[in-house]
Amino acid sequence: MKVEQKRATKILAAETASTEGGPIARFFMTANFNDNSDLPLAIDAVHLAEGTSQVLEVFRGEHPDVVIINVDDLGEEAFRLCETIRRIEKDRHSGIIFYSEKAIELGKVELDKVLECGADDLIDTRVGDHELLARIHSVYRFKLMTDRLRSANHRLKQLSLTDELTGLSNMR
């Protein structure tokens, strides 16, 4: 029987810091992810960052698997941040999730606009913990599939250009 091993996930949460933390920080601080076999992913680290420059600094240094951006805190800057992250990523893919309550209620953010700027999902803060984790896991699975596809394409390119046995160029 094959036992699937969970890969440790790094998450970057972008929201305004406060004494009790924002909704994303509070969620990750109160939950225990490593000892719960019901959870689909093992969360290795959650990095909190406030403001675009700090988010980009942490992003470049930590290479998170999933970035969760609180649209209520960052407003229109969230869209520019998402586009900047996508431009930075040359040979990898990080899942990006927009997280909002007020902006969705007020109609300031819509799913089509979120997807158009490069994000993978839009989550309302009022969803339950189980749905939140399921949607983070879904974005993470998409990230893993994208990484595997990129790796396979790289390998195919290598095989087409060089002879695997001799290492010599296949170009005639």
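Owing to the predicted nature of the structure, the values given are computational and were not obtained by experimental measurement.

(A) A look at the overall build of the chain. Secondary structure assignment for the chain yields seven helices and five strands. In the chain, the succession of α and β elements from N to C terminus is β-α-β-α-β-α-α-β-α-α-β-α. Of all 172 residues assigned to the chain, the portion counted as buried reaches 41%. A separation threshold of at least 6 residues defines the contact pool for the chain, and within that pool the share at least 24 residues apart is 69%. Put simply, the chain shows about 10,500 Å² of open surface, and 52% of that area lies on carbon and sulfur atoms.

(B) Here's a closer look at the packing of aromatic side chains. According to the stated counting rule, one finds one aromatic pair in the structure shown. If you follow Lys 113 out to its NZ or CZ, it ends over the ring of Phe 79, 4.5 Å from the centre.

(C) Local environment of the pairing of strand 3 (residues 66–70). With respect to burial, strand 3 is a largely interior element, five of its five residues being buried. Side chains of strand 3 alternate between two faces, with Val 66, Ile 68 and Asn 70 and Val 67 and Ile 69 buried alike. Relative to strand 4 (residues 95–100), strand 3 runs parallel, the two being bridged by five bridges. Residue Val 67 lies in a different strand from strand 4, and its bridge partner there is Ile 96.

(D) Quick look at the environment of Val 139. With respect to the secondary-structure elements, Val 139 resides in helix 7 (residues 129–161). In this structure Val 139 comes out as buried when scored by relative accessible area, which is 5%. Spatially, the C-alpha atoms of Val 139 and Asp 120 are 6.7 Å apart, while their sequence positions differ by 19 residues. The contact partners of Val 139, leaving out residues within four places of it in the chain, are Gly 95, Ile 96, Ile 97, Asp 120 and Asp 121.

(E) Up close: the nonpolar core. Core analysis: the biggest nonpolar cluster contains 24 residues, and Ile 69, Ile 96 and Phe 98 have the highest contact counts within it. Of all the elements in the fold, those that place two or more residues in this core are strand 1 (8–14), helix 2 (52–62), strand 3, helix 3 (71–74), helix 4 (77–88) and strand 4. With five residues, helix 4 is the largest single contributor of residues to this core. When near neighbours in sequence (up to four residues on either side) are disregarded, Phe 98 contacts Ile 69, Val 71, Ala 78, Phe 79, Cys 82, Val 114, Cys 117, Ala 119, Asp 121, Leu 122 and Ile 123. Core analysis: the next-biggest nonpolar cluster, separate from the first, contains 18 residues, Tyr 99, Leu 132, Leu 133 and Ile 136 among them.

(F) Broad picture of the layout of surface pockets. Space inside the second largest pocket adds up to approximately 160 Å³. If you go around the second largest pocket, the residues you meet are Thr 16, Pro 23, Arg 26, Asn 70, Asp 72, Asp 73, Glu 101, Lys 102 and Thr 125. Of all the secondary structure elements, the ones that give two or more residues to the lining of the second largest pocket are helix 1 (23–30) and helix 3. Its residues assigned to classes, the lining of the second largest pocket comprises one nonpolar, three polar and five charged.

(G) Main features of a negative patch on the surface. There is a patch of like negative charges on the surface, built from Glu 83, Glu 110, Asp 112 and Glu 116. In this fold, Glu 110 is placed in the loop between helix 5 (102–105) and helix 6 (111–116). Residue Glu 110 is classed as partly exposed on the basis of its relative accessible area, which comes to 46%.

(H) Up close: the pattern of salt bridges. Counted according to the given criterion, the structure contains nine salt bridges. Of the charged contacts, one joins Asp 65 and Lys 143 as a salt bridge, the two residues approaching to 3.9 Å between their closest N and O atoms. Of this pair, Asp 65 sits in the loop between helix 2 and strand 3 while Lys 143 sits in helix 7; the two residues are 78 residues apart in sequence, bridging distant segments of the chain. Residues Asp 65 and Lys 143 agree in their burial class; the two are buried. Beyond isolated ion pairs, a larger network of salt bridges with shared partners links Asp 65, Lys 143 and Asp 147.

Thresholds applied
- Residues numbered from 1 in each chain as written.
- Predicted model: local features only at pLDDT ≥ 70, side-chain atom pairs only at ≥ 80, totals over all residues.
- Heavy atoms only, no water.
- Helix = DSSP H or I, 4+ residues; strand = E, 2+ residues; numbered from the N terminus.
- Buried < 20%, exposed > 50% of the residue type's maximum accessible area, 1.4 Å probe, protein only.
- Contact = heavy atoms within 4.5 Å.
- Areas by Shrake-Rupley, 256 points an atom, 1.4 Å probe, with all protein chains shown as cover.
- Phe/Tyr/Trp six-rings, centres within 6.5 Å; stacked < 30°, edge-to-face > 60°.
- Lys NZ or Arg CZ within 6 Å of the ring centre and 35° of its normal.
- Pairing = 2+ DSSP bridges.
- Core = buried A, V, L, I, M, F, W, Y, C linked by side-chain atoms within 4.5 Å.
- 1 Å grid on protein atoms, 1.4 Å probe; cavity = no way out; pocket = protein on both sides within 12 Å on 5 of 7 lines; lining within 4 Å.
- Points joined across faces, edges and corners; volume = space filled by probe spheres on them.
- Nonpolar A, V, L, I, M, F, W, Y, C, P; charged D, E, K, R; others polar.
- Patch = residues over 30% accessible without salt bridge, like charges linked within 9 Å, V, L, I, M, F, W, Y side chains within 5 Å.
- Salt bridge = Lys/Arg side-chain N within 4 Å of Asp/Glu carboxyl O.
- Lys, Arg positive; Asp, Glu negative; His and termini not counted.
- Charge placed at Lys NZ, Arg CZ, Asp CG, Glu CD.

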